[in-house]
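Inside the fold
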Amino acid sequence: MEITPAAVYQPRNPRASSLFALVEDNYEEFERVYDDRYQEQYGPWRKVIGEVMRKYLECGDLHRGFARLGCCGCRYQAILAYSCKCRLFCPACQQKRILLFAEWLDTHILEQVSHAQYVFTIPKLLRPIFKYHRRDLGLLCQSAWQALRGMFQEVASDSSSAPGVVITVRSYGDRLNLHPHIHALASRGVWSADGSFEPLPALDAPQLMLLFRHHVLQNLLACGRLGQATLDILDRFHHPGFSAYEGEGVAPGDSAARERLASYLVHAPFSLARLHYHRDAGIVTYEARASSCSNLPAPAPERFSPLDALAALTAFIPERGQQLVRYCGYYSNKARGRRRKRQQSAAGITPVIASGLEPEADHFRRHRKRAWARLIRKVWAADPLACPKCGGRLRI
């Protein structure tokens, strides 16, 4: 029996995308001229850029390895190419990371209480600091956590209580520009030492912004990235240049909304649908996104030369091992480990961890390796393990 075409999964073809053509045509020249043309604007050449570019060109290439799928019913066979698994560059691989992270956060990290999204931004004057010192992006995460913790503890009845916060740092804006900022997902309340939860109202956004500004400047001064002259300029600003935004609260049982917020924490730096490479004209255009807050038309697309486009896209590739997500307060690794040990002790269980990982993290790593088919069904409503001939199940 033939199944309907709508239910048949069509494997992606990365070579058909504008991004693949852009990298394939221009990467070698880009690497050759980078030091002369782009070092001043984007910082020195990083080894990780070359590693990611070469891996991306092999993504979906059957010559680099594949899995064989077979149907036990009709003996149908197919092959599926391996992916590159690059962070914040390959759209398909990043989308898988986003979906898995959202599920992991909803089911393993977030408690069943109300949560809200927070966004923190810094003035343009400070952004070049993080262009040349990428590891210092962690200072922005630290400053956001200090501001949120201080605000929550100020309004809570117990000043030693703490909220649960998940923080991510983003270095990119909506138009392929450098825009270091912070996204946070925080509980709308705090936990006391005895484990009791106290719900709290929305925070005072202007006061939260001023507290975030204070901690950012103090942390940058402490590590020597900010001088007194720059601090004096910031003090003379009519507007502080910093901002803090608090979104609407999300109900405890709304898993779909919680996953949407979690997905936005780690969203990709660019949209493949808005990127167009005009090979004959030697132009790359990136369409601006229309504002959802006004009826104004979308701005004109950004126009780049192919090498300029590669310089902008590769600027957002993180270093190997760079931490992009941080868990703070009640959601920190330390706090979760203590709660797990207390629960195991109360149940009389002696944990045995052979891998050296936390049990939750070890389970998640095994789970995500087998999740590709389920995620495709979730996003595209098509089953990649359904036989296109008889409708049976394909096995790897």
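A brief report on the enclosed structure follows. (Residues numbered from 1 in each chain as written. Predicted model: local features only at pLDDT ≥ 70, side-chain atom pairs only at ≥ 80, totals over all residues. Heavy atoms only, no water.)

1. Things to note about the overall build of the protein
Per the secondary structure count, the protein includes 13 helices and 13 strands. Sorting the 396 residues of the protein into buried and exposed places 46% on the buried side. Counting only contacts in the protein whose residues sit at least 6 apart along the sequence, the fraction spanning at least 24 positions is 71%. (Helix = DSSP H or I, 4+ residues; strand = E, 2+ residues; numbered from the N terminus. Buried < 20%, exposed > 50% of the residue type's maximum accessible area, 1.4 Å probe, protein only. Contact = heavy atoms within 4.5 Å.)

2. Considering the sheet that holds strand 3 (residues 115-121)
The strand order 8-3-5-4-12 describes an open sheet built from five strands, whose pairing is antiparallel. One side of each edge strand has no neighbouring strand; the edge strands of this open sheet are strand 8 (243-246) and strand 12 (325-329). Here the strands of the sheet are splayed against their neighbours by 20° on average, with no regard to which way each runs. Examined bridge by bridge, strand 4 (residues 164-172) and strand 12 share five bridges and lie antiparallel to one another. The residue bridging Gly 164 from the neighbouring strand is Gly 329, located in strand 12. On top of the sheet, helix 4 (residues 91-109) reaches strand 4, strand 5 (178-187) and strand 12; it is set at about 15° to strand 12, its chief contact. (Pairing = 2+ DSSP bridges. Axes fitted to C-alpha atoms, helices over the stretch in contact; angles between N-to-C directions.)

3. Let's talk about a nonpolar patch on the surface
Taken together, the side chains of Leu 62, Phe 66 and Ile 79 make up a nonpolar region of the molecular surface, amounting to roughly 230 Å² of accessible area. As for its placement among the helices and strands, Leu 62 is situated in the loop between helix 3 (47-57) and strand 1 (66-71). (Patch = residues over 30% accessible without salt bridge, like charges linked within 9 Å, V, L, I, M, F, W, Y side chains within 5 Å. Areas by Shrake-Rupley, 256 points an atom, 1.4 Å probe, with all protein chains shown as cover. Salt bridge = Lys/Arg side-chain N within 4 Å of Asp/Glu carboxyl O.)

4. With respect to the environment of Leu 139
Mapped onto the elements of the fold, Leu 139 is located in helix 6 (residues 137-155). Judged by relative accessible area, Leu 139 falls into the buried class, the value being 17%. Once the C-alpha coordinates of Leu 139 and Leu 220 are considered, the two residues, 81 residues apart in sequence, prove to be 7.6 Å apart. Those residues in contact with Leu 139 that sit more than four places away from it in its chain are Asn 219, Leu 220 and Cys 223.

5. What to know about the pattern of salt bridges
A full pass over the atoms with the stated rule returns eleven salt bridges. The partner of Asp 136 in a salt bridge is Arg 225, and the shortest N-O contact between them spans 2.5 Å. Here Asp 136 is found in the loop between helix 5 (127-132) and helix 6, whereas its partner Arg 225 is found in the loop between helix 7 (205-222) and helix 8 (228-235), with 89 residues between them in sequence. Judged by its relative accessible area of 34%, Arg 225 is partly exposed. Taken together, the shared-partner salt bridges connect Arg 15, Glu 24 and Asp 61 into one network.

6. Topic: the pairing of strand 5
Along strand 5, nine of the ten residues are buried, which leaves the element largely enclosed by surrounding structure. Bridge analysis of strand 3 against strand 5 gives seven bridges, and the strand direction is antiparallel. By the bridge assignment for strand 5, Gln 117 is matched with Leu 185. For strand 4 and strand 5, the ladder comprises seven bridges, and the chain directions are antiparallel. Within strand 5, the position partnered with Val 169 by the bridge is Ile 182. Hairpin connection, strand 4 to strand 5: the antiparallel pair is bridged by five residues, and Leu 176 has positive phi, about 60°.

7. Topic: unusual backbone geometry
Non-glycine residue Arg 75 carries a positive phi angle of around 70°. Here Arg 75 lies in the loop between strand 1 and strand 2 (77-81). Given a relative accessible area of 67%, Arg 75 falls into the exposed group. In this structure, Leu 88 is a non-glycine residue whose phi angle is positive, near 55°. Of note, Leu 88 is situated in the loop between strand 2 and helix 4.

8. So, the sheet that holds strand 10 (residues 283-286)
By definition, the strands of a sheet pair up through backbone hydrogen bonds, in either a parallel or an antiparallel sense. Spatially, three strands are ordered 9-10-11 in an open sheet, and the strand pairing comes out antiparallel. Bordering the open sheet on either side are strand 9 (275-278) and strand 11 (302-304), each of which pairs with just one other strand. If you compare each strand with its neighbour and ignore which way they point, the axes differ by 20° on average. Relative to strand 10, strand 9 is paired through four bridges, and the arrangement is antiparallel. What sits directly across from His 278, in strand 10, is Ile 283. Together, strand 9 and strand 10 form the strand contacts of helix 1 (residues 18-37), whose direction differs from that of strand 9 by roughly 45°.

9. Observations concerning the environment of Val 155
Mapping Val 155 onto the fold places it in helix 6. Sequence separation between Val 155 and Gly 189 is 34 residues; the distance between their C-alpha atoms is 9.7 Å.

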